[in-house]
Amino acid sequence: YYLILEIYLLMDSNNTIVPGFDDEQNDDLKISLQKIPTVKNGCLVTLTGIIDTYNSSFFQNQITKVITAGYINIIFKCTFLDYIASTGLGNFTNILKIIRSVGGDFVISDIQPKIEEYFTLLGFSQFFVLRQNTQLAIDYFINKDRPGGAIFPKLSTCPVCKKTLKLEKACKVMCPSCSSILIITDTGDVIRN
């Protein structure tokens, strides 16, 4: 009896956070939600599986439900996201536009190296905030809301070619001049990868 009740409660948790969230399902992409009490209007969205052409509209619709429910500061935990197609990257871009239009933001955390490389090669790491783990993603929101906590935008130089770079946020980028892969830290330091 207790095991059945525990399974029911786990299944209902998404609907508790966003009413009707679990009404639509997809076999290739599982999405679970968790409130983040330390982040105003914060929600941790854990993605498991793949985002491809066939389920990208499902992904977009589900995240739109989260935003409509008032969660505009979202962390996408991608530990178990095994693949993302270009349509999925398009979804992330659309979601970012929607969230920023209502004063929110999102962070992608716990991303697998092969997917992070894909983001970097296509230049998306310049647009999205990527963090190594969920705690660093939470810290991003906490520091962002702290007065004087924002250090970006900032001017710096490429450690390889010495070209001046305008840094918008901590991320991994490719220098537009020498094509070196650079890591921009939370403190605004530029390190060659």
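Residues numbered from 1 in each chain as written. Predicted model: local features only at pLDDT ≥ 70, side-chain atom pairs only at ≥ 80, totals over all residues. Heavy atoms only, no water.

### Observations regarding the confidence of the model for the protein
- Per-residue confidence for the protein gives a mean pLDDT of 85, with 89% of residues at or over 70.
- When pLDDT is averaged over each element of the protein, helix α2 (residues 56–68) comes out on top at 96 and helix α1 (residues 2–17) at the bottom at 56.
- When the criterion is pLDDT under 50, residues 1–12 qualifies, and its contacts beyond four places in sequence or with other chains add up to one contact. (pLDDT = per-residue confidence, 0-100. Helix = DSSP H or I, 4+ residues; strand = E, 2+ residues; numbered from the N terminus. Contact = heavy atoms within 4.5 Å.)

### As for the pairing of strand β4 (residues 105–109)
- Buried residues dominate β4, accounting for five of its five residues.
- Side chains Asp105, Val107 and Ser109 project from β4 onto one buried face, and the interleaved Phe106 and Ile108 project onto a second face that is buried too.
- Both strand β3 (residues 73–84) and β4 contribute to a ladder of five bridges, which runs parallel. When the sheet's bridge partners are listed, Phe76 is paired in β4 with Ile108.
- This β-α-β element, β3 to helix α3 (residues 86–101) to β4, shows right-handed connectivity.
- As paired elements, β4 and strand β5 (residues 129–131) share three bridges and run parallel to each other. In the strand pairing of β5, Val107 is matched with Val129.
- You can see the chain leave β4, run along helix α4 (residues 113–121) and come back into β5, and the turn it takes is right-handed. (Buried < 20%, exposed > 50% of the residue type's maximum accessible area, 1.4 Å probe, protein only. Pairing = 2+ DSSP bridges. Right-handed = clockwise from strand over helix to strand, strands pointing away.)

### With respect to the sheet that holds β5
- Pairing in this open sheet of five strands is mixed, and the strands run β1-β2-β3-β4-β5 from one edge to the other. Sheet topology places β1 (29–36) and β5 at the edges, where each strand pairs with a single neighbour. Taken pair by pair, the neighbouring strands of this sheet meet at an average axis angle of 25°, ignoring direction.
- Across the face of the sheet, α3 comes into contact with β2 (42–51), β3 and β4 while running at roughly 145° to β4. (Axes fitted to C-alpha atoms, helices over the stretch in contact; angles between N-to-C directions.)

### Quick notes on the nonpolar core
- If you look at the biggest cluster of nonpolar residues, it comprises 34 residues, and the most contacted ones within it are Leu47, Phe59, Phe76, Phe92, Phe106, Ile108 and Phe119.
- Elements with a contribution of two residues or more to this core: β1, β2, α2, β3, α3, β4 and α4.
- Excluding residues within four positions of it along the chain, Ile108 makes contact with Phe76, Cys78, Phe92, Phe119, Phe128, Val129, Leu130 and Arg131.
- Counting residues in hydrophobic clusters, the runner-up holds 10 residues, among them Ile36, Ile75, Val107 and Val129. (Core = buried A, V, L, I, M, F, W, Y, C linked by side-chain atoms within 4.5 Å.)

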